[in-house]
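Summary of structural features
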Amino acid sequence: MGQKKDLTGSEKSKIVRYLAEGCSSLKIAKLLKRDHRTIKHFIQNSQQGRKKRVEKPRRKITAHELRKVKHAAAKMPLATSLAIFQSCNITGVPKSTRCAILRDMAKVRKAERRPPLNKTHKLKRQDWAKKYLKTDFSKVLWTDEMRVSLDGPDGWARGWIGKGQRAPVRLRRQQGGGGVLVWAGIIKDELVGPFRVEDGVKLNSQSYCQFLEDTFFKQWYRKKSASFKKNMIFMQDNAPSHASKYSTAWLARKGIKEEKLMTWPPCSPDLNPIENLWSIIKCEIYKEGKRYTSLNSVWEAVVAAARNVDGEQIKTLTESMDGRLLSVLAKKGGYIGR
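Reading guide: rules and limits
Residues numbered from 1 in each chain as written. Predicted model: local features only at pLDDT ≥ 70, side-chain atom pairs only at ≥ 80, totals over all residues. Heavy atoms only, no water. Helix = DSSP H or I, 4+ residues; strand = E, 2+ residues; numbered from the N terminus. Polar contact = N/O pair within 3.5 Å; in protein donor to acceptor, adjacent residues only side chain to side chain. Contact = heavy atoms within 4.5 Å. Buried < 20%, exposed > 50% of the residue type's maximum accessible area, 1.4 Å probe, protein only. pLDDT = per-residue confidence, 0-100. Salt bridge = Lys/Arg side-chain N within 4 Å of Asp/Glu carboxyl O. Patch = residues over 30% accessible without salt bridge, like charges linked within 9 Å, V, L, I, M, F, W, Y side chains within 5 Å. Areas by Shrake-Rupley, 256 points an atom, 1.4 Å probe, with all protein chains shown as cover. Lys, Arg positive; Asp, Glu negative; His and termini not counted. Charge placed at Lys NZ, Arg CZ, Asp CG, Glu CD. Expected span 1.5 Å × (residues − 1). Bend = angle between axes of the 7 residues up to and from the residue.

Structural notes on the side chain of serine 207
Checked against the element boundaries, serine 207 lands in helix α8 (residues 205-219). From its side chain, serine 207 meets the backbone oxygen of lysine 202 in a polar contact 2.8 Å long. In terms of polar contacts, serine 207 uses its side chain to reach the backbone amide nitrogen of asparagine 204, at 2.8 Å. Every residue in contact with serine 207, bar those within four places of it in the chain, is listed here: Val201 and Lys202.

Some remarks on the environment of tyrosine 246
Mapped onto the secondary structure, tyrosine 246 falls in helix α11 (residues 245-253). Given the relative accessible area of 39%, tyrosine 246 is considered partly exposed. Along the primary structure tyrosine 246 and cysteine 209 are separated by 37 residues, whereas in three dimensions their C-alpha atoms are 8.8 Å apart.

Quick look at the confidence of the model for the protein
Mean pLDDT over the protein stands at 87; residues scoring 70 or higher make up 86%. For the protein, the element scoring lowest by mean pLDDT is strand β3 (residues 161-162), at 72; strand β6 (residues 233-235) scores highest, at 98.

A closer look at the pattern of salt bridges
Counting across every chain of the model gives nine salt bridges. Residues arginine 125 and aspartate 270 are paired through a salt bridge, measuring 2.8 Å at the closest nitrogen-oxygen approach. Within this pair, whereas arginine 125 is found in helix α7 (residues 119-131), its partner aspartate 270 is found in the loop between α11 and α12 (274-285), the two being separated by 145 residues in sequence. Residue arginine 125 is classed as buried on the basis of its relative accessible area, which comes to 0%. Linking glutamate 284 and lysine 287 is a salt bridge whose minimum nitrogen-to-oxygen distance equals 3.3 Å. Residue glutamate 284 is classed as partly exposed on the basis of its relative accessible area, which comes to 36%. Since its relative accessible area comes to 45%, lysine 287 is described here as partly exposed.

Notes on a negative patch on the surface
Taken together, Asp189, Asp310, Glu312 and Glu319 make up a surface patch of like negative charges. Take glutamate 319: it is sitting in the loop between α14 (311-318) and α15 (321-330).

Things to note about α8
When the terminal C-alpha atoms of α8 are compared, their 20 Å separation across 15 residues agrees well with the 21 Å that a helix rising 1.5 Å per residue should span. At glutamate 213, α8 is bent by approximately 35°, the largest bend along its length. The inward-facing, buried residues of α8 contact β2 (140-149), β4 (179-187), β5 (190-196), β6, α10 (240-243) and α11. At the N-terminal boundary of α8, the capping side chain belongs to asparagine 204, with an oxygen 3.2 Å from the backbone nitrogen of glutamine 206.

Details of unusual backbone geometry
In this structure, the amide linkage connecting glycine 193 to the following residue, proline 194, adopts the cis form with an omega of 5°. Locating proline 194 in the fold gives a position in strand β5. You will see that asparagine 89, though not glycine, has its phi angle at about 60°, which is positive. Checked against the element boundaries, asparagine 89 lands in the loop between α5 (81-87) and α6 (95-103). Given the relative accessible area of 66%, asparagine 89 is considered exposed. Phi at glutamate 258 takes a positive value of approximately 50°, unusual for a residue other than glycine. Residue class for glutamate 258 comes out exposed when judged on its relative accessible area of 68%.

What follows is the structure, given as structure tokens:
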């Protein structure tokens, strides 16, 4: 018996709408003409898709190939398992097998950093999820800033290190370092920006609003139709320059106020899909431990990486919001992962 198709983004959105309207999972299954168990599984664990059945036989690794892998792992510290195996011209090996092989000769670690969540934060995250359950997230513009440095974020680089070997030294610059602050937005399947904040400018309320005026409003927003502007919801986090009275009043004069300006819960980067976009871009610009010699070169790398992110990837991120809302409610305001 063949596998049925996963729930589409449209079906997931409908499930969230029906739940918000008080429909039972059985009624939703009938409305969508889906198996009741499929609907219940999505509601219980909305972030996890169906595990794919793999029919292909496992690739066997010869002793000669194993020696090549060990040599490559020693020669390419901090590389991914895929990069290590590709350098040995070994193809067709699934990730689980690659990692199982590398675990016998290497290790990989990375600390997980999150802002702390207290009881009040969790309650506000739950209230936010309940408030936006019926929202059409294809109309929401998700925005954020990201800082990129010449050497990559502290502690970001990771990869396989052969046992008995030391991690390569990343020299710390005494001067001439720094980074570039980047702003961008995503809506439905479209990327807005990225736009570069002028070097040396500290984003306070006034400079943030001026930056939005010179980039977002003049270069993108004003080209949109009146109906688009009427329905668009602007999302920004609670950074002081965003949430100040000055910025709120300025945005209101631009027509972005009340329900058109999304309220945002504290300590919630895991709820903003653009954070996943930043991860995609950083993985690209810092792959294989790449470093940069100038701010312009790292900015050009960001622009090139953003250009390679297609509409389907962005759509996947924005369509994940219904699942994120259900997850944060299921976890009573706790972190949902990204």
